[in-house]
Amino acid sequence: MQKNIYESGEDYLETILILDERTKYVRSVDIAAELGYSKPSVSRAMGILKENGYITVEPDGQIKLTKSGLKKAGEVYDRHRLINRFFTEILGVNQVTAEEDACKVEHVISEETYQRLKAFVENKI
């Protein structure tokens, strides 16, 4: 039974996707290290994501995105990258600030605004 997830859940899914692309093997400890969170916090979040059908946890502790988890993580990551590109390549914001700001904006931007921003960026670059 899938439910809407909040910003922190989207951050976890995005991190799992990035770590999986980087290492092909993701564990709670890897997520904790990447995000700078405590292992108990990550474990609690993984339980919620698992309960909501976004991830599976293998007996050896490997965390895998489900089809719906991969879809959601991909959407968040795509928004993040596009917004970051807009901030750096079009607005000239430094990379560190752009990264931090993109991480915030990716969770609150409406679909309409995102689609218009995407069209704008794709036509400018």
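All figures in this text were calculated on a predicted structure; none of them were measured in a lab. Within each chain, residue numbers correspond to sequence positions counted from 1 in written order. The predicted origin of the model limits local features to residues at a pLDDT of at least 70 and limits the giving and counting of side-chain atom pairs to 80 or more, whereas totals for whole chains, interfaces and linings rest on all residues. Think of the side-chain values as coming from all heavy atoms in the structure, minus any hydrogens and water.

1. What about the pattern of salt bridges?
Note on definitions: salt bridges are taken to be side-chain nitrogens of Lys or Arg within 4 Å of carboxyl oxygens of Asp or Glu. In the structure shown here, the tally under the stated rule is 8 salt bridges. When the shortest N-O distance is used, the salt bridge between R116 and E112 registers 3.6 Å. Of this pair, R116 and E112 both sit in helix α6 (residues 111-124), 4 residues apart, which is roughly one turn of that helix. When salt bridges that share partners are traced, they join E10, K72 and R79 into one network. We count a stretch as a helix when DSSP gives it H or I for four or more residues in a row; a strand needs E for two or more, and each element gets its number in order from the N terminus.

2. As for the environment of A119
Mapping A119 onto the fold places it in helix α6. On the accessibility criterion, A119 (37% relative accessible area) is partly exposed. Sequence-wise, A119 and I90 are 29 residues apart; in three dimensions their C-alpha atoms are separated by 13 Å. Think of it in three bands: residues with accessible area under 20% of the maximum for their type are buried, residues over 50% are exposed, and the middle band is partly exposed, with areas taken using a 1.4 Å probe on protein chains only.

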